[in-house]
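One letter stands for each residue in the lines below.
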Amino acid sequence: MADYFLSLNVASSKQLVDKARGVFHSRGITTWMCTDIDGGDSFRDEILANVRDAKVFLIFVNEKWAKSQECAFEFNYAMRKNLVKNTPKIMPFVIEMFDMEKYPHVDALLANCQGVFLNSCSSEIDAFKQIMDKLQGVVPMKASTAAAALKPVPTKLSDEESKEVSIVRKSLTTKGAQTLPSGNWQGYFIDGRALRGKASGSKWLINVSMNFQNSNHFTAKGQDEIGPFMFANGKISGSTVQFAKQYARHRVLYEGAVKGVQMMGRWRLESSPSIKGEWAMWPVGGGR
C-alpha cells in the first residue's frame, strides 16, 4: 500500500511529478503512479487496486488531466471509495491555471477539497512541502531519509471491481458510438446546503438501475439518502447528457457530459434553480 497515489496526465506532468516524488520519498512518504507498471491487459486492475488501497489520492491538476477519460475514471473511483470508506483522502494540486468551470468534475473537486495552487507558492519545493503539511494528519512525515522509490506490490481486485474494470476497458477501447451498459450504476451528487445532518458541500451517494433503450435514450430507478427516484426524459446527444430526477415531491434537472462510460455534470432544483451542484455516475459490477 502506498501513502500517496499520484494521479496525473503523464505526457504533460511527469517531470514535475518525478520532482515531487523525490521530495516525498525523502520524508518517508511512499508513492505510486501509473508509470510504475509495465502495461498489459491488467494495467487498469492494478491502477484501481492502488487507488483503493492508498491513504491519499493526490491529483496534479491541469487541463490535460481534466480532459482525460482515464484520469476522470481514476478520480471518480477515488471519490466512490472516499464516500463508502472515508479513504483515500482527496487532495488537488493545481499546477496550471485554466478555465476550470468548463469541467464539472474539476469544479466540484476544487469547491469541496482543500488543495494547493502552484502559482500561490514561492517555488515547486515550497508547494511540495505545503502538500505534506496539509496531509500530516493522514500521512505523518518522517525525518529526512535517503529517497527510495516504492516498488509496486501486486494487489487483487474483488470480483465486483474486476467487472467494473471490464466495463470501463471496453468503453475506452471501443471506437465510435457505443451503447452504455444497462444495469447497476453508482455515483454521487454534491450539495452546497447543510441538509439532513450533512455539512455544506457534502457528497451524497447514488445507487441507480439504468436502462438504455439505445445509445440516445435511457430511464432509471434508484435510491439515495433523499429517497427513491426515477429518471425521466433521459437523452444523450453526442457527448452531452440530460435527464430529470423525479422524487415523490420535487424534481431535479441534470445535465452534463458522457466521458467513456461515465457521466458527469451539474444539477439544479427545478423549483429553485439557484440551488445547484455537481454530480457523477458510472457503471459498477452487474451491468448487462
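Residues numbered from 1 in each chain as written. Predicted model: local features only at pLDDT ≥ 70, side-chain atom pairs only at ≥ 80, totals over all residues. Heavy atoms only, no water.

*Asks:* Can you tell me about the packing of aromatic side chains, naming the residues and giving the values?
*Replies:* What describes a pair of aromatic rings is the distance from one ring centre to the other and the angle between the planes of the rings. Counted according to the given criterion, the structure contains 21 aromatic pairs. Look at phenylalanine 218 and phenylalanine 243: their rings are 5.7 Å apart centre to centre, the planes differ by 70°, and that puts the pair in the edge-to-face class. Taken as a pair, phenylalanine 218 in strand β8 (residues 217–224) and phenylalanine 243 in strand β10 (residues 240–246) lie far apart in primary sequence, 25 residues in all. Both residues of the pair, phenylalanine 218 and phenylalanine 243, count as buried. Taken together through their ring pairs, the aromatic side chains of Trp185, Phe212, Phe218, Phe229, Phe231, Phe243, Tyr247, Tyr254 and Trp279 make up a single cluster. Positioned over the ring face of tryptophan 204 is lysine 198, at 5.0 Å from the centre of the ring. (Phe/Tyr/Trp six-rings, centres within 6.5 Å; stacked < 30°, edge-to-face > 60°. Helix = DSSP H or I, 4+ residues; strand = E, 2+ residues; numbered from the N terminus. Buried < 20%, exposed > 50% of the residue type's maximum accessible area, 1.4 Å probe, protein only. Lys NZ or Arg CZ within 6 Å of the ring centre and 35° of its normal.)

*Asks:* Provide a residue-level description of the nonpolar core, including the pertinent values.
*Replies:* One finds Trp65, Phe75 and Ile90 to be the most contacted residues of the largest nonpolar core, which totals 37 residues. Every element with two or more residues in this core is listed here: α2 (43–53), β3 (56–61), α3 (63–67), α4 (69–85), β4 (89–94), α5 (104–112), β6 (183–191) and β13 (272–283). Among the elements that line this core, the one with the most residues is α4, at seven residues. Once residues within four sequence positions are removed from consideration, phenylalanine 75 is found in contact with Phe57, Ile59, Trp65, Ile90, His105, Leu109 and Tyr188. (Core = buried A, V, L, I, M, F, W, Y, C linked by side-chain atoms within 4.5 Å. Contact = heavy atoms within 4.5 Å.)

*Asks:* If you had to explain the pattern of salt bridges to someone new, which residues and values would you point to?
*Replies:* Inspection of the entire model under this criterion finds 11 salt bridges. Across the salt bridge formed by lysine 14 and aspartate 18, the nearest N and O atoms sit 2.7 Å from each other. Highlighted residues: lysine 14 and aspartate 18, both in helix α1 (residues 10–26), separated by four residues, approximately one helical turn. With relative accessibility at 29%, the residue lysine 14 sits in the partly exposed group. (Salt bridge = Lys/Arg side-chain N within 4 Å of Asp/Glu carboxyl O.)

*Asks:* Would you mind going over the sheet that holds strand β1 (residues 4–7) in detail, with residue names and values included?
*Replies:* With respect to topology, five strands assemble into an open sheet ordered β2-β1-β3-β4-β5, the strand pairing being parallel. Unpaired on one side and paired on the other, β2 (31–32) and β5 (116–117) mark the two borders of the sheet. Where β3 meets β4, six bridges bridge the pair, whose relative direction is parallel. When the sheet's bridge partners are listed, valine 61 is paired in β4 with valine 94. On the sheet, helix α6 (residues 124–134) packs against β1, β3, β4 and β5 and is oriented at approximately 160° with respect to β4. (Pairing = 2+ DSSP bridges. Axes fitted to C-alpha atoms, helices over the stretch in contact; angles between N-to-C directions.)

*Asks:* Break down the pairing of β10 for me, with residues and values.
*Replies:* Side chains on a regular strand alternate between the two faces of the sheet. Pairing geometry for strand β9 (residues 228–237) and β10, over six bridges, is antiparallel. By the bridge assignment, isoleucine 236 is partnered in β10 with valine 241. Between the end of β9 and the start of β10, which pair antiparallel, lie two residues, with glycine 238 showing a positive phi angle near 65°. Relative to strand β11 (residues 251–259), β10 is paired through seven bridges, and the arrangement is antiparallel. Residue valine 241 lies in a different strand from β11, and its bridge partner there is glycine 256. Where β10 hands over to β11, the hairpin turn is made up of four residues, counted between the paired strands.

Any functional reading would require information that these geometric values do not contain.
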